[in-house]
Amino acid sequence: MKSKYIRAICLGAAGLLVISTAAINNHKQSEDVTARAAVTSSVIEESAETVDAGVTAGIASVTAQALASDEDVATVSDTDTELTAAAQEEVTSVYGYTNLGIAVVDSGNLNVREAPGTDATLVGKMPNHAACEVLGVDGEWTQIQSGEVTGYVKSEYLVTGNEAAALAEQIKETVAKVTTTTLYVREEPNTDCNIVTSMPMGEELEVVEQLDGWVKVSIDSDEGYVSADYIEINTELPTAMTMTEVRYGQGVSDVRVDLVSYACQFVGNPYVWGGTSLTRGADCSGFVMSVFANYGVSLPHSSGSQAGCGTSISASEAQPGDLFFYGNGSRINHVAIYIGNGQVVHASSPRTGIKISGAYYRNPVKVVRVLQD
């Protein structure tokens, strides 16, 4: 009986042990599952965070790229706009002209008249290849503005559009405008050399060469150097010349009045070295020689020799028809005819031809009276 009891106890204990073990195993499995679930959840959460981070980073990256692309597009767009504007400016503006016209004449110059007709008053002259702004067309005439001249020219002697733009590239000029009260023109590009002459503010000089701090210029038939600090360099096209009214003082002879009027009619005609033709081309002394020859006065073909003719007078005594001489220092190399009102007419240079200038655009070396009233 005791043995059975013990056996029953043992069996019970064994069963309890089995149950306990099973319970422990179940609990452990439950813990393992929970742990695995926790781990899985953690992994999922970490993955989700990683994915979220990746997605966020990706979105940020894509957004940044998109923004960058937008910026690039905006920049290109701005650039394109600038280029388009520049291109438009280039097309619509040629050296300051929005509707460019250029005079093309075989010889002499193109007359500019106050009204569209050959009987209208002459208000200016356009030398060959002088440029203008085309204002309108009236039959066979074109209204233009060139320099200080506004009037009408015969349309047949004017080229416009693409032809004018192409011609402009061939005839453009580089000039230096004086920006100081008195500009010294020197023999060499330094301040230790001799002064050739001096030029007043506003005078334009033909640029021959640009150097470091200095500019080589052409003055009439002479050359010299000016400081780049006192000039403004521009590229421009030649323009028309005004027919300046000549005012005379009392006591001026009819021959002087007539000689000056005769000389001024050739304004705009070309300068030719060694030439004596008032229409086809003359140099400074050739121009003076030919003008005076029309009035029976014989002069040599040399400005230096002409300076030895007649009577030397002071500039303050000058009357229309007297001669103004200019030079490099004391050496005379240019001559002009005084026309009154502080002005002279002269064959200046290949760039400007026969023109009217202020009598003191350079310092006169000598003034001579050839006409003895």
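Residues numbered from 1 in each chain as written. Predicted model: local features only at pLDDT ≥ 70, side-chain atom pairs only at ≥ 80, totals over all residues. Heavy atoms only, no water.

Caption draft 1: Looking closely at the overall build of the protein. Each helix and strand counted, the protein has 5 helices and 23 strands in total. Looking at the 373 residues of the protein, the share that counts as buried comes to 38%. (Helix = DSSP H or I, 4+ residues; strand = E, 2+ residues; numbered from the N terminus. Buried < 20%, exposed > 50% of the residue type's maximum accessible area, 1.4 Å probe, protein only.)

Caption draft 2: Fine view of the side chain of Arg186. Following the sequence through the fold, Arg186 ends up in strand E9 (residues 182-186). The side chain of Arg186 is buried and forms no salt bridge, while Asp192, the nearest opposite charge, is found at 7.4 Å. Among the polar contacts listed, one links the side chain of Arg186 to the backbone oxygen of Thr191, at a separation of 3.4 Å. In this structure Arg186 touches Thr191, Cys193, Asn194, Ile195, Val196, Trp214, Gly224 and Tyr225, once residues within four positions along its chain are discounted. (Lys, Arg positive; Asp, Glu negative; His and termini not counted. Salt bridge = Lys/Arg side-chain N within 4 Å of Asp/Glu carboxyl O. Polar contact = N/O pair within 3.5 Å; in protein donor to acceptor, adjacent residues only side chain to side chain. Contact = heavy atoms within 4.5 Å.)

Caption draft 3: View of the packing of aromatic side chains. Tallying each qualifying case throughout the model produces 5 aromatic pairs. Centroid distance Tyr262 to Phe266: 5.1 Å. Interplanar angle 85 degrees. Geometry classified as edge-to-face. Where Tyr262 meets Tyr295, the ring centres are 5.9 Å apart and the plane angle is 80 degrees; that geometry is what we call edge-to-face. Linking Tyr262 in helix H3 (residues 254-264) with Tyr295 in the loop between helix H4 (284-293) and helix H5 (303-306), this pair joins segments that are 33 residues apart in sequence. The exposure class assigned to Tyr295 is partly exposed, which follows from its relative accessible area of 22%. (Phe/Tyr/Trp six-rings, centres within 6.5 Å; stacked < 30°, edge-to-face > 60°.)

Caption draft 4: How the structure looks around the pattern of salt bridges. For the coordinates displayed, the defined rule picks out 7 salt bridges. Two residues, Lys216 and Glu223, come together in a salt bridge whose shortest N-O distance is 3.4 Å. For Lys216, a relative accessible area of 18% puts it in the buried group. For Glu223, a relative accessible area of 40% corresponds to the partly exposed category. The partner of Arg369 in a salt bridge is Asp322, and the shortest N-O contact between them spans 3.1 Å. Residue Arg369 is found in strand E23 (residues 366-369), and its partner Asp322 is found in the loop between strand E18 (311-313) and strand E19 (323-328); the two are separated by 47 residues along the sequence. Here the two residues Arg369 and Asp322 agree in accessibility, since each one is buried. One network of salt bridges, with partners in common, ties together Arg256, Asp322 and Arg369.

Caption draft 5: Structural context of helix H2 (residues 161-171). For H2, the set of buried residues is Ala164, Leu167, Ala168 and Ile171. Down the axis, H2 shows its buried residues gathered within 115 degrees of arc, on one side only. Across H2 from its buried face, at more than 90 degrees, point the exposed residues Asn162 and Gln170. (Arc of directions from axis to C-beta.)

Caption draft 6: Spatial organisation of the packing of H3 against H4. At their nearest, the axes of H3 and H4 sit 10 Å apart, and the two run at 130 degrees to each other. Judged by the inter-axis angle, H3 sits oblique to H4. As for how H3 packs across H4, the hand of that crossing is right-handed. Here Leu259, Tyr262 and Ala263 of H3 lie close against H4, whose contacting residues are Phe287, Val291 and Phe292. For the contact of H3 with H4, the per-class residue count stands at 6 nonpolar, no polar and no charged. (Axes fitted to C-alpha atoms, helices over the stretch in contact; angles between N-to-C directions. Parallel < 35°, antiparallel > 145°, perpendicular 65-115°, else oblique. Left-handed = near helix turned anticlockwise from the far one by under 90°. Nonpolar A, V, L, I, M, F, W, Y, C, P; charged D, E, K, R; others polar.)

Caption draft 7: Structural context of unusual backbone geometry. The backbone phi angle of Tyr95 is positive, close to 55 degrees, even though this residue is not glycine. Position of Tyr95 relative to the elements: it lies in the loop between helix H1 (2-92) and strand E1 (100-103). Using a relative accessible area of 30% as the deciding quantity, one classes Tyr95 as partly exposed. Of note in this structure, His129 is not a glycine but carries a positive phi near 75 degrees.

Caption draft 8: Inspection of the confidence of the model for the protein at higher detail. Residues of the protein with pLDDT of at least 70 account for 72%, and the chain-wide mean is 78. Below pLDDT 50 for its whole length, residues 1-91 participates in 1 contact with residues either more than four positions away or in separate chains. Considering only residues more than four positions removed or in separate chains, one finds that residues 245-252, a stretch of pLDDT under 50, has 12 contacts. (pLDDT = per-residue confidence, 0-100.)

Caption draft 9: Molecular detail of the environment of Gly213. As for its position among the elements, Gly213 is in the loop between strand E11 (204-210) and strand E12 (214-219). For the pair Gly213 and Asn190, spaced 23 residues apart in sequence, the C-alpha to C-alpha distance is 9.5 Å. Residues contacting Gly213, with those up to four places away along its chain left out, are Val226, Ser227 and Ala228.

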